[in-house]
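# Structure assessment
Chain by chain, the residues:
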Amino acid sequence: MSDHSRYISPFSTRYASPEMQFTFSEDNKFRTWRRLWIALARAEQKQGLPITDEQIAELEAHKDDINYDDAQRRERECRHDVMSHVYAYGLQCPRARGIIHLGATSCYVGDNTDVIIMKQGLEIVRRKVLNVMDLLARFADKYKALPALAYTHLQPAQFMREKRAEEQPAQLTTVGKRATLWLNELYMDFEEIEHRIATLALLGSKGTTGTQASFVELLGGDSEKIRQIERDIASEMGFSRVVPVSGQTYSRKMDYMVVSTLSGIAQTASKFSYDMRLLQNFKEMEEPFEASQ
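Residues numbered from 1 in each chain as written. Predicted model: local features only at pLDDT ≥ 70, side-chain atom pairs only at ≥ 80, totals over all residues. Heavy atoms only, no water.

Before going further, it helps to examine the overall build of the protein chain. The secondary structure content of the protein chain amounts to eleven helices and four strands. Since a compact globule built from 293 residues should have a radius of gyration of about 19 Å, the 27 Å found for the protein chain marks it as more spread out than a globular shape. Expressed as a percentage of its 293 residues, the buried residues of the protein chain come to 39%. In the protein chain, 38 positive and 41 negative side-chain charges are present, and the distance between their average locations comes to 3 Å. (Helix = DSSP H or I, 4+ residues; strand = E, 2+ residues; numbered from the N terminus. Rg over C-alpha atoms; globule rule 2.2 N^0.38 Å. Buried < 20%, exposed > 50% of the residue type's maximum accessible area, 1.4 Å probe, protein only. Lys, Arg positive; Asp, Glu negative; His and termini not counted. Charge placed at Lys NZ, Arg CZ, Asp CG, Glu CD.)

Written out as structure tokens, the structure is:
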């Protein structure tokens with residue numbers, strides 16, 4: 001089958017950066033699964049479960065070399081992606097095979113990885129927003145005194161004086177002032193990104209229905225040990241908190257909130273681009289073209 005016989009999204013082939021493509025790649029996904037399994041094993045060991053340093057070292061040694069062929073072959077048999085990768089990881093780590101995914105459910109790796117990837121993606125977007133803000137700030141400062149005609153309702157803005165009907169002179173702004181309008185909206189988006197990253201929470205290790213029943217059994221009902229396992233996993237994965245309550249999955253409102261943040265950035269970019277198009281039509285600004293474009 002040729003490389004041109006299947007649908008490929010232009011979001012990945014034309015518009016996405018290499019680092020964003022990697023963030024949503026299979027390599028990043030399945031390596032994160034393995035990092036979560038290692039974090040789980042290490043946290044369970046600290047709470048007294050019979051997991052050895054040698055087993056954890058074996059898991060660490062193979063955390064990045066995903067044996068895709070073994071996982072895909074197993075999935076054709078069992079029809080389960082997570083169990084297929086547990087099996088494949090176990091082939092590489094025979095001494096640790098029995099403790100991989102101990103007490104966890106599929107969403108332990110699936111949902112936690114989704115949250116981690118969302119955070120990684122938002123961190124890339126945050127940096128790019130900051131870069132654009134820096135460029136706009138420099139542009140605004142450079143042209144802060146350059147006069148430009150001001151518009152309202154796409155008409156030249158005029159002074160309005162009480163009891164005088166005659167037409168008044170059009171008001172002026174500056175090119176730099178106009179750029180600060182775009183910059184301010186980007187700053188609002190930046191604050192929202194910061195808030196969203198700071199408040200993202202891992203699902204944690206909630207078990208099959210969110211009751212942590214499997215961990216209650218493994219740890220003899222010791223609630224503090226169970227809570228500490230979640231805290232240790234979150235810390236190892238770069239998070240300060242886990243969701244306080246869940247079913248098997250985290251609340252999908254979290255997805256909505258992240259998408260809403262991204263939508264805000266898209267709205268800012270849309271206003272910016274429409275303003276630029278209008279100003280190009282008025283011959284006030286021009287879009288640059290490369291020599292061979």
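Our focus in this paragraph is unusual backbone geometry. You will see that Arg79, though not glycine, has its phi angle at about 60°, which is positive. Secondary-structure assignment places Arg79 in the loop between α5 (68-78) and α6 (81-92). Look at Arg79 and you get exposed, because its relative accessible area is 69%. Although it is not a glycine, His153 sits at a positive phi angle of roughly 55°. Inspection of the secondary structure assignment puts His153 in the loop between β2 (151-152) and β3 (155-156). The exposure class assigned to His153 is exposed, which follows from its relative accessible area of 75%.

Here the focus is the packing of aromatic side chains. Considering all chains together, one arrives at eight aromatic pairs under this definition. When the centroid spacing of 4.8 Å and the interplanar angle of 90° are considered together, the rings of Phe30 and Trp33 count as edge-to-face. Of this pair, Phe30 and Trp33 both sit in helix α3 (residues 26-46), three residues apart, which is roughly one turn of that helix. Like Trp33, Phe30 is buried. Seen in terms of ring centroids, Trp37 and Tyr89 are 5.9 Å apart; in terms of plane orientation they differ by 35°. Their pairing is tilted. You can see Trp37 sitting in helix α3 and its partner Tyr89 sitting in helix α6, a full 52 residues away along the chain. Like Tyr89, Trp37 is buried. (Phe/Tyr/Trp six-rings, centres within 6.5 Å; stacked < 30°, edge-to-face > 60°.)

Another aspect to go through is the nonpolar core. In this structure, Trp37, Leu59, Tyr108, Val129, Ile233, Met237 and Phe239 are the most contacted members of the largest nonpolar core, which totals 64 residues. When residues of this core are traced back to their parent elements, those giving at least two are α3, α4 (53-61), α6, α7 (106-142), α8 (175-199), α10 (223-236) and α11 (253-281). Considering every element that reaches this core, the biggest residue donor is α7, with 13 residues. Excluding residues that lie within four positions of it along the chain, Ile233 makes contacts with Leu36, Ala39, Leu40, Ala43, Tyr108, Leu202 and Ser205. (Core = buried A, V, L, I, M, F, W, Y, C linked by side-chain atoms within 4.5 Å. Contact = heavy atoms within 4.5 Å.)

Within the structure shown, the criterion is met by 20 salt bridges. We note a salt bridge from Lys128 to Glu19, for which the minimum N-O separation is 3.9 Å. Placement of Lys128 in helix α7 and of Glu19 in helix α2 (residues 18-23) is noted, with a sequence separation of 109 residues between them. Overall, Glu19 belongs to the partly exposed group, its relative accessible area being 31%. For the salt bridge of Glu60 with Lys63, the shortest nitrogen-to-oxygen distance reads 3.8 Å. (Salt bridge = Lys/Arg side-chain N within 4 Å of Asp/Glu carboxyl O.)

So, about the packing of α8 against α11. Two numbers describe how α8 lies on α11: the axes approach to 9 Å, and their chain directions differ by 170°. In this view, α8 runs roughly antiparallel relative to α11, as classed from their interaxial angle. When α8 is examined against α11, the residues Arg178, Trp182, Glu185, Leu186, Asp189, Glu192, Ile193 and Arg196 are found in contact with a partner set consisting of Met257, Val258, Thr261, Gly264, Ile265, Thr268, Lys271, Phe272, Asp275, Met276 and Leu279. (Axes fitted to C-alpha atoms, helices over the stretch in contact; angles between N-to-C directions. Parallel < 35°, antiparallel > 145°, perpendicular 65-115°, else oblique.)

Next up on the list: α6. Taking 1.5 Å per residue, twelve residues should reach 16 Å; α6 reaches 17 Å between its end C-alpha atoms and fits that length. Burial in α6 covers these residues: Val82, Ser84, His85, Val86, Ala88, Tyr89, Gly90 and Gln92. The elements touched by buried residues of α6 are α3, α4, α5 and α7. (Expected span 1.5 Å × (residues − 1).)

Approximately 490 Å³ is the volume found for the largest pocket. Elements supplying a minimum of two residues to the lining of the largest pocket: α7 and α11. With seven residues, the top contributor of residues to the lining of the largest pocket is α7. For the lining of the largest pocket, the per-class residue count stands at 15 nonpolar, two polar and two charged. The wall of the second largest pocket is formed by 13 residues, among which Tyr151, Arg178, Leu181, Asp275 and Leu279 lie closest to the centre. Elements that contribute at least two residues to the lining of the second largest pocket include exactly α8 and α11. (1 Å grid on protein atoms, 1.4 Å probe; cavity = no way out; pocket = protein on both sides within 12 Å on 5 of 7 lines; lining within 4 Å. Points joined across faces, edges and corners; volume = space filled by probe spheres on them. Nonpolar A, V, L, I, M, F, W, Y, C, P; charged D, E, K, R; others polar.)

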